[in-house]
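Here's the letter readout for the chains.
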Amino acid sequence: MNIQKSFSLEGKVALVTGAAYGIGFAMAEALAQAGAQIAFNCRGQEHMDKALAAYAEKGMDVKGYICDVTDEAQVTQMVAEIEKELGVIDILVNNAGIIKRIPMHEMSAAEFRQVVDIDLNAPFIVSKAVIPGMIKKGHGKIINICSMMSELGRETVSAYAAAKGGLKMLTRNIASEYGQYNIQCNGIGPGYIATPQTAPLREVQPDGSQHPFDKFIIGKTPAARWGNPEDLMGPVVFLASEASDFVNGHILYVDGGILAYIGKQP
Ligand code: NAP
Ligand code: GCO
């Protein structure tokens, strides 16, 4: 095997959901640098316009689609448009996701359902939409963006942990059901990454002190730092490429060592 060629994505079409900014944007950039043609989506025109400008600033020719990943009709239409404009999707990164940090006994059923709808039901919907094309093509890569909360719980994130735990098992089930078609389905479990989603956990306190959670995470991470979206660029190229053709049903934790570490002694 030519190892450099095995990491190339030349000629591949990649859909990264929720890639207007944050982790999705960085992963889309990585896949493009490896040669893939990028399609991405988000829900609103304002974020779309800003994202297209940001991608253009990096010299990237990407296609953006307004699509709510929880809406099966919108997803079906988006996939059909991508297949018409770019070709059958070779690589799907189910990245779109939200979190609600509310004590469970104060969380409404509607709030719980909304998180599960976006973080778990949507990866099912989008994967279901792209798998037929992958079967016809004889190969495919599905990468689900899981979380530390696929393995651990903590206060206020019950819906998110339930969804991300379910996403781990959906990943393993897709791997089990579609491996026979040369489709590999794996997960990436980012640790604590500095994006808009975690900004509230890093806010400087009114007295100018470090956010307690910020200090907590630094102490729980052997790397003694928050991750950056760029830390996920290499892992996503690996799982999207032929280099990982015999990796299936695996959750690759990119967490600086959090899951291996009891935490720094106070
Ligand atoms: P983020 O900054 O909040 O970005 C989330 C993205 O998802 C945005 O582009 C958002 O776009 C999109 N999105 C949300 N709901 C959507 C929907 N219904 N349909 C289409 N797009 C939707 O989050 P992030 O930190 O980059 O996280 C990205 C993924 O990594 C998520 O699945 C998250 O759970 C996971 N993750 C994050 C961390 C972390 O520490 N940051 C760690 C582990 C896992 P619009 O709002 O414009 O639609
Ligand atoms: C939280 C954080 C985490 C991260 C990530 C960790 O409130 O605990 O948002 O959930 O987003 O999922 O892997």
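Within any chain, residue numbers begin from 1 and follow the written order of that chain's sequence. Lettering for chains starts from A, numbering for ligands starts from 1, and both go in the order in which the items are written. With the structure being a predicted model, the display of local features is reserved for residues of pLDDT at least 70 and the display and counting of side-chain atom pairs for 80 or more, all residues being used for whole-chain, interface and lining totals. In computing side-chain values, all of the structure's heavy atoms are included and hydrogens and water are not.

A.B. asks: How should the side chain of Lys141 be read in this particular structure?
C.D. replies: Strands here mean DSSP runs of E at least two residues long; helices mean DSSP runs of H or I at least four residues long; both are numbered from the N terminus. Mapped onto the fold, Lys141 is located in strand E5 (residues 140-145). Identification of polar contacts relies on pairs of N or O atoms within 3.5 Å, with a donor-acceptor requirement for protein atoms, meaning one able to donate a hydrogen and the other able to accept it, and with residues adjacent in sequence counted only if both atoms are side-chain atoms. In terms of polar contacts, Lys141 uses its side chain to reach the side chain of Ser244, at 3.1 Å. Between two residues, a contact is recorded if the distance between any of their heavy atoms is within 4.5 Å. Residues in contact with Lys141, not counting those within four places in the same chain, are Asp90, Ile91, Leu92, Met134, Gln184, Leu239, Ala240, Ser241, Ser244 and Asp245.

A.B. asks: Looking at this model, I keep getting lost on the site of ligand 1. Mind explaining?
C.D. replies: Close to ligand 1 lie 29 residues; Arg43, His47, Asn95, Tyr160 and Thr195 are nearest. Between an oxygen atom of ligand 1 and a side-chain N or O atom of Arg43, the distance comes to 2.8 Å. Between ligand 1 and the protein, one listed contact pairs an oxygen atom with a backbone N or O atom of Gly191 at 3.4 Å. Taken by itself ligand 1 offers 890 Å² of open surface, and the protein chains cover 95% of this. Those elements giving two or more residues to the shell around ligand 1 turn out to be helix H2 (22-33), strand E2 (37-42) and helix H6 (158-178). For this description, a residue counts as near a given molecule or strand if any of its non-hydrogen atoms is within 4 Å of it. Every accessible area reported is derived by Shrake-Rupley at a probe size of 1.4 Å, with residue values counting cover from the shown protein chains alone.

A.B. asks: I tried to follow the packing of helix H5 (residues 109-137) against H6 on my own but got confused; where do I start?
C.D. replies: Two quantities define a packed helix pair, namely the angle between the helix axes and the distance between the axes. Every angle, taken between N-to-C directions, lies between 0 and 180 degrees, and every axis is a line fitted to C-alpha atoms, over only the stretch in contact when it is a helix. Running from N to C, H5 and H6 cross one another at 15 degrees; their axes reach a closest spacing of 8 Å. What the angle tells us is that H5 and H6 run roughly parallel. When the axes of H5 and H6 are compared, the crossing they make is right-handed. Taking contact as the criterion, the partners of Phe112, Val115, Val116, Asp119, Leu120, Pro123, Phe124, Ser127, Ile131 and Ile135 in H5 are, on H6, Ser158, Ala159, Tyr160, Ala162, Ala163, Lys164, Gly166, Leu167, Leu170, Ile174 and Tyr178. Side-chain classes are defined by residue name, with Ala, Val, Leu, Ile, Met, Phe, Trp, Tyr, Cys and Pro counting as nonpolar, Asp, Glu, Lys and Arg as charged, and the others, Gly among them, as polar. Residues that form the contact of H5 with H6 fall into these classes: 16 nonpolar, three polar and two charged. The scheme is simple: roughly parallel for angles under 35 degrees, roughly antiparallel for over 145, roughly perpendicular for 65 to 115, oblique for anything else. Note on convention: the crossing is left-handed when the near helix lies turned anticlockwise from the far helix by less than a right angle, right-handed when the turn is clockwise.

A.B. asks: Would you explain a nonpolar patch on the surface in this entry?
C.D. replies: Put simply, a patch holds well-exposed residues, over 30% relative accessible area, that have no salt bridge, with like charges counted together within 9 Å and Val, Leu, Ile, Met, Phe, Trp or Tyr side chains within 5 Å. Put simply, a salt bridge is a Lys or Arg side-chain nitrogen that is within 4 Å of an Asp or Glu carboxyl oxygen. Taken together, Met1, Ile3 and Phe7 make up a surface patch of nonpolar side chains, about 360 Å² in accessible area. Residue placement: Ile3 occurs in helix H1 (residues 3-6).

A.B. asks: Please clarify how the sheet that holds strand E1 (residues 13-17) should be interpreted in this entry.
C.D. replies: The strands making up a sheet associate through backbone hydrogen bonding, with each pair oriented either parallel or antiparallel. Overall, parallel pairing links the seven strands, which are arranged E3-E2-E1-E4-E5-E6-E7 in an open sheet. Each of the sheet's edge strands pairs with one partner strand only, and the pair in question is strand E3 (62-66) and strand E7 (251-254). Across the sheet, the mean angle from the axis of one strand to that of its neighbour is 20 degrees, orientation sign disregarded. The pairing criterion for strands is at least two bridges between them, as found by DSSP. Strand direction decides the pairing type here: E2 and E3, joined by five bridges, are parallel. The partner of Cys42 across the bridge, within E3, is Ile66. Against the sheet, helix H4 (residues 72-85) engages E1, E2 and E3, with an angle of about 155 degrees to E3. Against the sheet, H5 makes contact with E1, strand E4 (91-94), E5 and strand E6 (183-190), and its axis sits at roughly 175 degrees relative to E4, the strand it touches most.

A.B. asks: Would you explain the site of ligand 2 in this entry?
C.D. replies: In the vicinity of ligand 2 there are 14 residues, among which Arg101, Ser147, Arg154, Tyr160 and Gln197 approach most closely. Residue Gly191 places a main-chain N or O atom 3.2 Å away from an oxygen atom belonging to ligand 2. Protein chains shield 96% of the accessible area of ligand 2, which is 330 Å² for the free molecule. Within the shell around ligand 2, the residues separate by chemical class into eight nonpolar, four polar and two charged.

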